[in-house]
Amino acid sequence: MGNSLVHSQLHDVKNFLAKTITAIGDFLNETTISQLQLENEEDVNYHKLIFSTLRKLAVYSEEGFEACTVILQGDPFQKAAAEKTLYKIYHQCIEEFFSPKNDAWFENSRSAYTGKNSIKFYRIAAEQIQQLVKSLEGEFQRIREELEYYETDYRTKMIQSK
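Rules of the game
Residues numbered from 1 in each chain as written. Predicted model: local features only at pLDDT ≥ 70, side-chain atom pairs only at ≥ 80, totals over all residues. Heavy atoms only, no water. Helix = DSSP H or I, 4+ residues; strand = E, 2+ residues; numbered from the N terminus. Buried < 20%, exposed > 50% of the residue type's maximum accessible area, 1.4 Å probe, protein only. Contact = heavy atoms within 4.5 Å. Areas by Shrake-Rupley, 256 points an atom, 1.4 Å probe, with all protein chains shown as cover. Salt bridge = Lys/Arg side-chain N within 4 Å of Asp/Glu carboxyl O. Axes fitted to C-alpha atoms, helices over the stretch in contact; angles between N-to-C directions. Left-handed = near helix turned anticlockwise from the far one by under 90°. Nonpolar A, V, L, I, M, F, W, Y, C, P; charged D, E, K, R; others polar. Core = buried A, V, L, I, M, F, W, Y, C linked by side-chain atoms within 4.5 Å.

### Focus: the overall build of the protein chain
On a plain count of helices and strands, the protein chain comes out with 5 helices and 2 strands. Its helices and strands in sequence order give the protein chain the pattern α-α-α-β-α-β-α, from N to C terminus. For the protein chain, with 162 residues in total, the buried portion stands at 42%. The long-range fraction of contacts in the protein chain, counting pairs at least 24 apart against all pairs at least 6 apart in sequence, stands at 73%. Taken as a whole, the protein chain presents about 9200 Å² of accessible surface, with 50% of it coming from carbon and sulfur.

And the structure:
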């Protein structure tokens, strides 16, 4: 890929991460589990799991944002570093959103064909959480489609360099 295309994608991803950080940060700063008025201990524990995933996503997004900022400020533009960063963002942010390691929710891949939201919760999640995830999903899907290239390209480059 050319430098200008990688540069453009990095800039786009940086903007996406900034919006993600704001949305998740605002939610986490304004919402507590006690405010959700959950009915039982199982619901409380499930929502703690969701909050943990959201905190992880916020941290990964902040790290990715900072990496994008550093690379975009560099002169000359470091294409290899940019590609590695986009690969890392794909794995840490995008994959964590669609398939969190702690199984807070999951992606129903069949939903993508119906035009509906693909993130499904294992239990009933508070309305505020459902709205947050729905509001983020479209942009996460768009960025995933843009960055899928790095999934295969970066691995191929790593294998070839050995």
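Still more ground to cover, so stick around.
### Here's the deal with the environment of cysteine 93
Along the chain, cysteine 93 falls in helix α3 (residues 79-98). Along the sequence, cysteine 93 and lysine 56 sit 37 residues apart, while their C-alpha atoms lie 8.8 Å from each other. Residue contacts for cysteine 93: discarding those within four places in its chain leaves Leu17, Leu57, Tyr60, Ser61, Lys88 and Phe140.

### Considerations on the environment of threonine 85
Mapped onto the secondary structure, threonine 85 falls in helix α3. Taking C-alpha positions, threonine 85 is 9.6 Å from tyrosine 150, a pair spaced 65 residues apart along the chain. Setting aside residues no more than four positions away along its own chain, threonine 85 makes contact with Leu10, Ala67, Cys68 and Ile71.

### Quick look at the pattern of salt bridges
One pass over the full model with this rule turns up 7 salt bridges. Residue lysine 101 is joined to glutamate 96 by a salt bridge in which the shortest nitrogen-to-oxygen separation is 3.4 Å. Judged by relative accessible area, lysine 101 falls into the exposed class, the value being 64%. Its relative accessible area of 1% is what places glutamate 96 among the buried residues. Each of Asp12, Glu139, Arg142 and Glu146 takes part in a single network of salt bridges with overlapping partners.

### Details of the packing of helix α1 (residues 3-30) against α3
Helix-helix packing is characterised by the crossing angle of the two axes and by the distance between the axes. Between α1 and α3, the shortest axis-to-axis distance is 10 Å and the interhelical angle comes to 35 degrees. Here the hand of the crossing between α1 and α3 comes out left-handed. Counted together, Asn3, Val6, Gln9, Leu10, Val13, Phe16 and Leu17 of α1 and Lys79, Ala82, Glu83, Thr85, Leu86, Ile89, Cys93 and Ile94 of α3 form the full contact between these two elements. For the contact of α1 with α3, the per-class residue count stands at 10 nonpolar, 3 polar and 2 charged.

### Thoughts on unusual backbone geometry
Proline 76 follows aspartate 75 through a cis peptide bond whose omega is 10 degrees. Looking at the secondary structure, you find proline 76 in the loop between α2 (41-73) and α3. Look at glutamine 37: it is not a glycine, yet its phi comes out positive at around 50 degrees. On the accessibility criterion, glutamine 37 (68% relative accessible area) is exposed. A positive phi is found at aspartate 103, a non-glycine position, where the angle reads about 60 degrees. For aspartate 103, the position within the fold is in the loop between α3 and β1 (105-107).

### Let's talk about the nonpolar core
One finds Ile50, Phe97, Trp105 and Ile129 to be the most contacted residues of the largest nonpolar core, which totals 42 residues. Those residues in contact with isoleucine 129 that sit more than four places away from it in its chain are Phe27, Leu36, His47, Ile50, Phe51 and Phe121.

Function cannot be inferred from these measures alone, as they are strictly geometric.
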